[in-house]
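Residue-level listing of the chains:
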Amino acid sequence: MKQVIIMQGLSGSGKTHWANTNFPNASVCSADRFFEMGLDEYHFDPSLLGKAHAQCLSRFIYAINRGDSTVIVDNTNTERWEWENYVQLAIHWGYQWGVVDIYDSPAGLTDEQLAARCKHNVPVEAIARQRERYEHPMKEELYLKV
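This is a predicted model, so every value here is computed, not measured.

Caption draft 1: Main features of the overall build of the protein chain. On a plain count of helices and strands, the protein chain comes out with five helices and five strands. Sequence-ordered secondary structure for the protein chain, helices as α and strands as β, is β-α-β-α-β-α-β-α-α-β. Over its C-alpha trace the protein chain gives a radius of gyration of 15 Å, about what one expects of a compact globule, namely 15 Å for 146 residues. C-alpha extents for the protein chain along the principal axes are approximately 40 × 35 × 25 Å. Restricting to contacts in the protein chain with at least 6 residues of sequence separation, those with at least 24 account for 76%. Entry remark: accessible area of the protein chain is about 8200 Å², with carbon and sulfur atoms responsible for 52%. Seen as two clouds, the 14 positive and the 19 negative side-chain charges of the protein chain have centres 5 Å apart.

Written out as structure tokens, the structure reads:
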């Protein structure tokens, strides 16, 4: 079975950890990778966010075109429009798909706790904005609600 898993959750919620733990051999596409400079360096530049997401989509298309069995989109995906194109491409290429909705982690963390956990130094204010606009998927779209 070929599958696409859309990760959805606030920054610091544990999306990447969940994906790496549950699918260590999956192809993971993430806008964050655009800003990574080695194992422990991350240099976010908001002016390059569009390029980061374009690269993420390009890597996703490459992975499904190659026929990878599990492809994970590991972004915050706080609003539906952010992940709908991935779903349409998955369907077109014959992949089953679902959303893993982590939201604010299984523990229900505050914005401050999420900011403290986040590896990419996302400020509390940005996480609060993510929370305000968050659109949970419909029940039938869920791969798993954590």
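Don't stop here, the text continues.
Caption draft 2: Just the side chain of Gln130, in detail. Topologically, Gln130 is positioned in helix 5 (residues 124-133). Judged by relative accessible area, which is 7%, Gln130 ranks as buried. One polar contact links the side chain of Gln130 to the main-chain amide nitrogen of Ser11, over a distance of 2.8 Å. Among residues more than four places away in sequence, those in contact with Gln130 are Leu10, Ser11, Thr76, Thr78 and Val122.

Caption draft 3: How the structure looks around the nonpolar core. Among the nonpolar cores identified, the biggest contains 15 residues, and Val4, Ile6, Phe60, Ile64, Val71, Tyr86 and Tyr95 are the most heavily contacted of them. Among the secondary structure elements, those contributing two or more residues to this core are strand 1 (3-9), helix 2 (49-66), strand 3 (70-74) and helix 3 (81-92). Leave out the neighbours within four places in its chain, and Ile6 touches Val73, Asn77, Trp83, Tyr86, Val87, Gly98, Val99 and Val100. Ala19, Val28, Ile72 and Val100 belong to the second largest nonpolar core, which has 10 residues in total.

Caption draft 4: Broad picture of the side chain of Asn77. As for its placement among the helices and strands, Asn77 is situated in the loop between strand 3 and helix 3. A polar atom in the side chain of Asn77 sits 3.3 Å from the backbone oxygen of Asn75. Apart from residues no more than four positions distant in its own chain, Asn77 is found in contact with Ile6, Met7, Gln8, Glu82 and Trp83.

Caption draft 5: Just the pattern of salt bridges, in detail. This model, assessed by the stated rule, comprises six salt bridges. Here Asp68 ties to Arg66 by a salt bridge, and the two come within 2.5 Å at their closest N and O atoms. Given a relative accessible area of 48%, Arg66 falls into the partly exposed group. Note that Glu84 and Arg80 form a salt bridge whose closest N and O atoms lie 4.0 Å from each other. Several salt bridges converge on common partners, so that one network encompasses Arg80, Glu84 and Glu141.

Caption draft 6: Representation of the environment of Ala63. Relative to the helices and strands, Ala63 resides in helix 2. With relative accessibility at 1%, the residue Ala63 sits in the buried group. For Ala63 and Val28, which are 35 residues apart along the polypeptide, the C-alpha to C-alpha distance reads 8.9 Å. Those residues within four positions of Ala63 in sequence are excluded, and the remaining contacts are Ser27, Asp68, Val71 and Tyr95.

Calculation notes
- Residues numbered from 1 in each chain as written.
- Predicted model: local features only at pLDDT ≥ 70, side-chain atom pairs only at ≥ 80, totals over all residues.
- Heavy atoms only, no water.
- Helix = DSSP H or I, 4+ residues; strand = E, 2+ residues; numbered from the N terminus.
- Rg over C-alpha atoms; globule rule 2.2 N^0.38 Å.
- Contact = heavy atoms within 4.5 Å.
- Areas by Shrake-Rupley, 256 points an atom, 1.4 Å probe, with all protein chains shown as cover.
- Lys, Arg positive; Asp, Glu negative; His and termini not counted.
- Charge placed at Lys NZ, Arg CZ, Asp CG, Glu CD.
- Buried < 20%, exposed > 50% of the residue type's maximum accessible area, 1.4 Å probe, protein only.
- Polar contact = N/O pair within 3.5 Å; in protein donor to acceptor, adjacent residues only side chain to side chain.
- Core = buried A, V, L, I, M, F, W, Y, C linked by side-chain atoms within 4.5 Å.
- Salt bridge = Lys/Arg side-chain N within 4 Å of Asp/Glu carboxyl O.

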